Amino acid sequence: MLINKYLRQLFFKESFELFFSETCLNCHNRVEEPNFFLCYICMSEIPLTHHSFYTDNLLEISFKGRVNLFSGTSLMYFEKGGLVQKILFEIKYNQKPLLASFFGRWLGAQMLESRRFESVDLILPLPLHPEKKRQRGYNQSAYFGRALAETMGKEFRNDLLFRNTNAGSQTKKGRTARMYAIENEYSIKDEHFLINRHVLIADDVITSGATLESACTPFWNVQGIRLSFACIAFTP
Ligand SMILES: [Zn+2]
C-alpha cells in the first residue's frame, strides 16, 4: 500500500517535471511553481509598494485634487529599465496575458488581507482602444481585473465601461476640441445599475494618471458612486 503510494507520487512528480519546464522570464532559471513566470529570487527583487495596507499612500496622494478616489493600490513600483518594465513588456507585447492574471491574484490576496477594499461591489477593467485590442488580441487589464475579482470574491464586469473610438480623432482640432475629446473618451452603460455602487477600476500601469482620470469622467453623473483604483505598477 505504502509502496503504491510512493510509486504514485513518483509518477506524478516525474510527469510534472516532464510537462512543466517553464523558465523565469527574467533570469531564465527554472521556475519552481507552475504559472509563476518568475523564479523565487526574481520575485523577491520586485519593488513592492504595500499600498494595499495603508491610506494616503503615494498612489492615492497622486490623485488628490484630480479624482475623488475612495481608495487606491498598486502591487509594485514602475522602474525604467528594470525588472518591472520587463514584466509589463511581457504582459503587453509578448502575448503573456496570464502574467497579468498572476499579479491579479497576488494583489487580490493583499487587498483581501488589508480589508480596505471590502466595500468594493464591482471590478471593471480599463478598456483598450478597440483597434489596439484587435492588434494585441487581448486586454491585459481585463485579465488582471478578472483575477483580482476572483481572488477577492467580487463581481467582474467587462461590459459597463467603454472606450469611444472616435474621440481620439479630435485631438488635432485645437484646445477646446481636445478637452472635449478627453472628457468624452470613455462612456458607461447601465448608469442606473451603478447607483450607490463602489466600483474599482483595474489597469495595468499608472504613469501620469491622465487615462484613469479621463475614464472616471462618465461616472461622476452617477448618484452615490464611489471609485477606487488597482494597478500592477505605479510610477511615483
Ligand atoms: Zn529569475
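Position numbers for residues count from 1 along each chain, tracking the sequence in the order it is written. Only residues with pLDDT of 70 or above have their local features reported here, since the model is predicted, and side-chain atom pairs are shown and tallied only from 80 upward, although totals for entire chains, interfaces and linings are computed over all residues.

### Points about the confidence of the model for the protein
Here the protein averages 89 in pLDDT, and 86% of its residues register 70 or above. Segment residues 10–19 is flagged for pLDDT under 50; beyond a separation of four residues in sequence, or across chains, it makes zero contacts in the model. A residue's pLDDT is the predictor's confidence in that residue, given on a scale from 0 to 100. Note that contacts rest on C-beta atoms placed from the backbone: two residues are in contact if these are within 7 Å.

### Regarding the sheet that holds strand E7 (residues 226–234)
Two strands are said to pair when DSSP picks up at least two bridges between them. Segments assigned H or I by DSSP are reported as helices when at least four residues long, segments assigned E as strands when at least two residues long, and all are numbered from the N terminus. Reading across the sheet, the five strands line up as E1-E7-E6-E2-E3 and stay open at both edges, with parallel pairing between neighbours. At either margin of the open sheet sits one strand with a lone partner, and together these are strand E1 (69–77) and strand E3 (155–156). With eight bridges connecting them, strand E6 (residues 198–206) and E7 associate as parallel partners. Within E7, the position partnered with Ile 206 by the bridge is Phe 234. In this analysis an axis means a line fitted to C-alpha atoms, helices contributing only their contacting stretch, and an angle means the value between N-to-C directions, from 0 to 180 degrees. Helix-sheet contacts for helix H4 (residues 83–93) involve E1, E6 and E7, and the interaxial angle to E6 is about 105°.

### Points about helix H7 (residues 140–152)
In an α-helix, one turn spans 3.6 residues, which is why side chains three or four residues apart end up on the same side. Expected helix span is taken as 1.5 Å per residue step, with the number of steps being one fewer than the number of residues. Here H7 is 13 residues long and its end C-alpha atoms lie 18 Å apart, about the 18 Å a rise of 1.5 Å per residue gives. Burial runs high along H7: ten of the 13 residues are buried. For H7, the elements touching its buried residues are H4, helix H5 (97–114), strand E2 (122–125), E3, E6 and E7. Looking at the residues trailing H7, positive phi occurs at Gly 153, about 70°. Counting other C-beta atoms within 10 Å of a residue's C-beta gives its exposure: the residue is buried at 20 or more, exposed at 12 or fewer, and partly exposed in between, where C-beta atoms are placed from the backbone.

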